[in-house]
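Observations on the model geometry
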Amino acid sequence: MSNTEKAVVLLSGGLDSCTCMAVAKSKGYALYPISFNYHQRHSIELEGAKKIAAFYHAVRHLIIETNMDAIGGSALTDESIAVPEGDVHRTTVPDTYVPARNMIFLSYAMGYAEVVGASHVYIGVNSVDYSGYPDCRPEFIQRFQELANYATTATAVEGKRITIETPLQYLSKSDIVKLGMELGAPYQFTHSCYNGGEKACGTCDSCKLRLQGFKEAGYEDPIEYVTRDI
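What comes next is a walk through the structure. For clarity, every value in this text was computed on a predicted model and none was experimentally measured. (Residues numbered from 1 in each chain as written. Predicted model: local features only at pLDDT ≥ 70, side-chain atom pairs only at ≥ 80, totals over all residues. Heavy atoms only, no water.)

1. A few points about the nonpolar core
Counting residues in hydrophobic clusters, the biggest one holds 43 residues, and the most contacted among them are Val8, Leu10, Ile34, Leu106 and Val121. Setting aside residues up to four positions removed in sequence, Val8 forms contacts with Tyr32, Ile34, Ala109, Tyr112, Ala113, Val116, Ala118, His120, Val121 and Tyr122. Ala24, Leu31, Ala49 and Leu168 belong to the second-largest nonpolar core, a separate cluster that totals 25 residues. (Core = buried A, V, L, I, M, F, W, Y, C linked by side-chain atoms within 4.5 Å. Buried < 20%, exposed > 50% of the residue type's maximum accessible area, 1.4 Å probe, protein only. Contact = heavy atoms within 4.5 Å.)

2. Concerning the environment of Phe144
Topologically, Phe144 is positioned in helix α4 (residues 138-148). Overall, Phe144 belongs to the buried group, its relative accessible area being 8%. Excluding residues within four positions of it along the chain, Phe144 makes contact with Met103, Leu106, Ser107, Met110 and Ile164. (Helix = DSSP H or I, 4+ residues; strand = E, 2+ residues; numbered from the N terminus.)

3. Some words on the pairing of strand β2 (residues 30-37)
Taken across its eight residues, β2 has seven buried, putting it largely inside the fold. Tracing the backbone out of strand β1 (residues 6-10), into helix α1 (residues 15-26) and back to the parallel element β2 gives a crossover that is right-handed. Taken together, the four bridges between β2 and strand β3 (residues 62-65) define a ladder with parallel strand orientation. Counterpart to Ile34 in the pairing with β3 is Leu62. (Right-handed = clockwise from strand over helix to strand, strands pointing away. Pairing = 2+ DSSP bridges.)

4. Section: the side chain of Thr77
You can see Thr77 is positioned in the loop between β3 and α3 (101-116). By relative accessible area, Thr77 is classed as buried at 10%. If sequence neighbours within four positions are ignored, Thr77 has contacts with Tyr38, His39, Met68, Asp69 and Gly72.

5. Details of unusual backbone geometry
Glycine aside, a negative phi is what most residues show, and trans is what most peptide bonds show. One non-glycine residue, His57, lies in the positive phi region at around 55°. Inspection of the secondary structure assignment puts His57 in the loop between α2 (44-55) and β3. Although it is not a glycine, Ala100 adopts a positive phi angle of roughly 60°. By the element assignment, Ala100 lies in the loop between β3 and α3.

6. Some thoughts on the sheet that holds β2
Read from one edge of the open sheet, five strands run β3-β2-β1-β4-β5, paired in parallel fashion. Each of the sheet's edge strands pairs with one partner strand only, and the pair in question is β3 and β5 (163-165). The average undirected angle you get between the axes of adjacent strands in this sheet is 25°. Together, β2 and β3 form the strand contacts of α2, whose direction differs from that of β2 by roughly 170°. (Axes fitted to C-alpha atoms, helices over the stretch in contact; angles between N-to-C directions.)

7. What to know about the packing of helix α6 (residues 173-182) against helix α7 (residues 205-217)
Contact pair α6 / α7: the axes reach a minimum separation of 7 Å and the direction vectors enclose 65°. With respect to α7, the axis of α6 lies roughly perpendicular. Between α6 and α7 the crossing geometry is right-handed. Together, Lys173, Ser174, Val177 and Lys178 of α6 and Leu209, Arg210, Gly213, Phe214, Glu216 and Ala217 of α7 make up the contact between the two elements. Of the residues assigned to the contact of α6 with α7, the class counts are four nonpolar, two polar and four charged. (Parallel < 35°, antiparallel > 145°, perpendicular 65-115°, else oblique. Left-handed = near helix turned anticlockwise from the far one by under 90°. Nonpolar A, V, L, I, M, F, W, Y, C, P; charged D, E, K, R; others polar.)

8. A look at the packing of aromatic side chains
Geometrically, a pair of aromatic rings is defined through the distance of the ring centres and the angle of the planes. All chains considered together, the criterion is met by 10 aromatic pairs. The interplanar angle of 80° and the centroid separation of 5.8 Å between the aromatic rings of Tyr187 and Phe214 together place this pair among those described as edge-to-face. Residue Tyr187 is found in the loop between α6 and α7, and its partner Phe214 is found in helix α7; the two are separated by 27 residues along the sequence. The two residues Tyr187 and Phe214 agree in class, both being buried. Connected via pairs of aromatic rings, a cluster forms that spans Phe36, Tyr38, Phe105 and Tyr108. (Phe/Tyr/Trp six-rings, centres within 6.5 Å; stacked < 30°, edge-to-face > 60°.)

And the structure:
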């Protein structure tokens, strides 16, 4: 690979996106992370994203402001909707689902990739240990890729390829943790809690899945929790 090849990484500041950043770095890409302030209650992740971007010496860390709380419909953007108690075996889409979030984020990322000349876009979606979100499924990524091939001048006119990479798609949370630890991912900077407090709550879906992942992987989670009941 040429050392001039570039990748855009969707960097939320959470564990999965941090692992994606580590994977992209291990591939030798010049990194252009993109993060979103969509007025989410767990905006503390953005501070982590800045630290992760600095850790990996990102060429440029772009933070997009987009007020998805104006749309509402999610416990992550509407504080009148309670964050549900965690359930690692959940099979229905929970209230923490943000309508069309990944479609919106990937659209920004494709535009950013075209402008900076990146050949790959990394996103930490997962269809194994996840909360049932429809925009984390491989079918969604496949169809978005098909659309993206016709959506930009780079892909539709110039014949270039901007590939959406999902290295965590079929990994369990414990496998994700193991991968990140092997690559030296700075998990101490990450924050995954849906409630968005200074300390992770330990009881929401995201916290429970994360704690279970670290436990099964045989590592200690380096961040602080209000409670660790797994």
